[in-house]
Amino acid sequence: MRAWTLRRSGPPKVLELTDVPDPELGSGDVLIRVEAIGINYAEVLSRKGLYGWAPERPYVPGMEVAGRIEVIGPDVVGRSVGERVLCGMQYGGYAERVVVRANRALPAPDHFSMDEAAAFGVNFMTAWVALTEMARLRPDDRVAITAAAGGVGTAAVQIASAFGCDVVALAGSEEKLELTRSLGAAYTVNYRAPDFESSFDSITADRGLDVVLEVVGGDVFRACNARLANFGRLIVVGYAQLDYTKWNPFSWWRAWRDAPRIKVMDAAVASTGLLATHIGYLLPDEERLLGVWSALSDFVAAHDLRPIVGSTWAFEELPEAHRFMESRASTGKLVVRVGQGEDSP
Ligand SMILES: NC(=O)c1ccc[n+]([C@@H]2O[C@H](COP(=O)([O-])OP(=O)(O)OC[C@H]3O[C@@H](n4cnc5c(N)ncnc54)[C@H](OP(=O)(O)O)[C@@H]3O)[C@@H](O)[C@H]2O)c1
């Protein structure tokens, strides 16, 4: 089968389209014929050698796919060939076939297209765990979301709006903010505009932020933290502006300066909390994973939420999708289609 392999870190062109053996099926596994791959920012960081959860190179990156079960391994019950599924993984998803434990092949919601199924799992699970399990969202909370027009961001804006929260969406362009308003954001702030701090103040002067879902770092992290209300919770989910190279000590210093951090005594004085989460910890904990999945699925169905697929790419164009995500021009989820993958529910 074909798969994109990463042998060294670097720009998108270091991803190589390779022929590799089909993955082997063990007891309790299913083999999935991939129809759509969801691209995650963590894979951009992995490609650059900046992601701690990546395995040793060479490896096939890719943390989520949607497709159909093609082969069912020994000791698997209750699954059928042809079933539409989606699944998350640490790596291996940039391929035409993947093998996963049967329990991790989650049923793709019937009314989602394959593109939407590939855009759903990681982004919605991340936003859901951050907002509801970690920050314990309440309907009367005022919630700020950064990179709000991105994959995780559009999921978080929809979830928090559906909860009844007052959503403040922050992003890097007016076009992105427009998208977040269409998803329910009541207030928007462009953090790349020269008047960022004052326009943020005009929204938070009367009422601070009860919850912040933060994925950018640096000045954006600091500005959100400074505007937390008493008892506010800031949850770090990512650090998108992380960038450094081995040969440039100035870039190490910049990465250190912009890393999200707080002083505990400052948090004590303001009565605020800093939390952080990584969705990868759900993977080995199948019971917890299925509990989160079930609560999220019920919520999404009850509120008729859907992932936002911002752009689609052919399998052969996968490095271009990386380049686009890095350019900060993308919105919603970037989905790579494999084969003729039919994009209908
Ligand atoms: N903790 C977890 O379990 C977990 C799981 C999934 C994702 N994440 C994190 O959540 C964040 C969003 O992930 P995603 O896959 O949904 O990506 P995304 O938000 O669709 O794309 C990344 C966005 O980050 C923003 N950004 C800010 N500074 C940037 C920079 N210097 N270079 C590039 N982009 C920058 C850009 O939006 P603006 O132009 O609007 O700033 C860009 O569009 C990432 O930081 C990712 O690592 C964490």
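Residues numbered from 1 in each chain as written. Predicted model: local features only at pLDDT ≥ 70, side-chain atom pairs only at ≥ 80, totals over all residues. Heavy atoms only, no water.

## Considerations on the overall build of the protein
Regarding its fold elements, the protein presents 10 helices and 15 strands. Its C-alpha atoms give the protein a radius of gyration of 20 Å, within 12% of the compact-globule value 20 Å for 345 residues. If one aligns the C-alpha atoms of the protein with their principal axes, the spans along those axes are about 60 × 50 × 35 Å. Evaluated residue by residue, the protein yields a buried proportion of 53% over its 345 residues. For the protein, long-range pairs separated by at least 24 residues make up 68% of all intrachain contacts whose partners lie at least 6 apart in sequence. (Helix = DSSP H or I, 4+ residues; strand = E, 2+ residues; numbered from the N terminus. Rg over C-alpha atoms; globule rule 2.2 N^0.38 Å. Buried < 20%, exposed > 50% of the residue type's maximum accessible area, 1.4 Å probe, protein only. Contact = heavy atoms within 4.5 Å.)

## So, the sheet that holds strand 10 (residues 187-190)
On the basis of which strands lie adjacent, the open sheet formed by 6 strands has the order 10-9-8-11-12-13 and parallel pairing. Where the open sheet ends on each side, the last strands, each with one partner, are strand 10 and strand 13 (273-276). Each neighbouring strand pair of the sheet contributes to a mean axis angle of 15°, computed without reference to strand direction. With 4 bridges connecting them, strand 12 (residues 228-236) and strand 13 associate as parallel partners. Following the sheet pairing, Arg233 is matched in strand 13 by Gly273. This element, helix 3 (residues 151-163), spans strand 8 (142-145), strand 9 (166-171) and strand 11 (209-214) of the sheet and lies at about 170° to strand 8. Docked against the sheet, helix 6 (residues 218-226) engages strand 11, strand 12 and strand 13, running at close to 150° with respect to strand 12. (Pairing = 2+ DSSP bridges. Axes fitted to C-alpha atoms, helices over the stretch in contact; angles between N-to-C directions.)

## Section: the pattern of salt bridges
Per the stated rule, a full pass over the model turns up 28 salt bridges. In this structure, Asp141 and Arg233 form a salt bridge, with 3.1 Å as the shortest nitrogen-oxygen distance. Here Asp141, found in the loop between helix 2 (114-134) and strand 8, pairs with Arg233, found in strand 12; they are 92 residues apart in sequence, far enough to count as distant. Residue Asp141 is classed as buried on the basis of its relative accessible area, which comes to 3%. One continuous salt-bridge network, built from bridges that share partners, spans Arg33, Glu35, Arg68, Glu70 and Arg97. (Salt bridge = Lys/Arg side-chain N within 4 Å of Asp/Glu carboxyl O.)

## Observations regarding the domain arrangement of the protein
Where the parts come together, the accessible area they lose is often given as the size of the interface. Domain boundaries assigned for the protein yield domain 1 (2-121 + 307-337) and domain 2 (123-280). Opposite the 17 residues of domain 1 that make contact, domain 2 presents 20 residues. Of all residues in domain 1, Leu50, Ile308 and Arg328 bury the most surface against domain 2, accounting for 35% of the area lost on that side. In this structure, the connection of domain 1 to domain 2 is made through 1 salt bridge. Here Asp243 makes a salt bridge to Lys48, at a shortest N to O gap of 3.6 Å. Where domain 1 packs against domain 2, one counts 9 residue pairs in polar contact (both at pLDDT 80 or more). Those elements that provide at least two residues to the side of domain 1 that touches domain 2 are helix 1 (41-47) and helix 2. (Domains from an automatic or database assignment. Buried area = accessible area lost by both parts, 1.4 Å probe. Polar contact = N/O pair within 3.5 Å; in protein donor to acceptor, adjacent residues only side chain to side chain.)

## Let's talk about helix 3
Look at helix 3: 19 Å from first C-alpha to last across 13 residues, which is about the 18 Å you get at 1.5 Å a residue. With 10 of 13 residues buried, helix 3 lies mostly within the body of the structure. By the burial criterion, the buried members of helix 3 are Gly151, Val152, Gly153, Thr154, Ala155, Ala156, Val157, Gln158, Ile159 and Ala160. Gly164 occupies a position one or two residues after helix 3 and carries a positive phi of about 100°. (Expected span 1.5 Å × (residues − 1).)

## Topic: the pairing of strand 8
Of the two faces of strand 8, the one carrying Arg142 and Ala144 and the one carrying Val143 and Ile145 are both buried. Considered for its hand, the β-α-β crossover made up of strand 8, helix 3 and strand 9 is right-handed. Of the strand pairs in this sheet, strand 8 and strand 11 are connected by 3 bridges, and their pairing is parallel. Within strand 11, the position partnered with Val143 by the bridge is Val211. (Right-handed = clockwise from strand over helix to strand, strands pointing away.)

## Some details on the environment of Arg57
Within the fold, Arg57 resides in the loop between helix 1 and strand 4 (64-72). It is 9.8 Å that separates the C-alpha atoms of Arg57 and Arg47, two residues lying 10 residues apart in sequence. With residues up to four places along the chain from it excluded, the contact list for Arg57 reads Leu6, Arg7, Arg8, Ser9 and Gly49.

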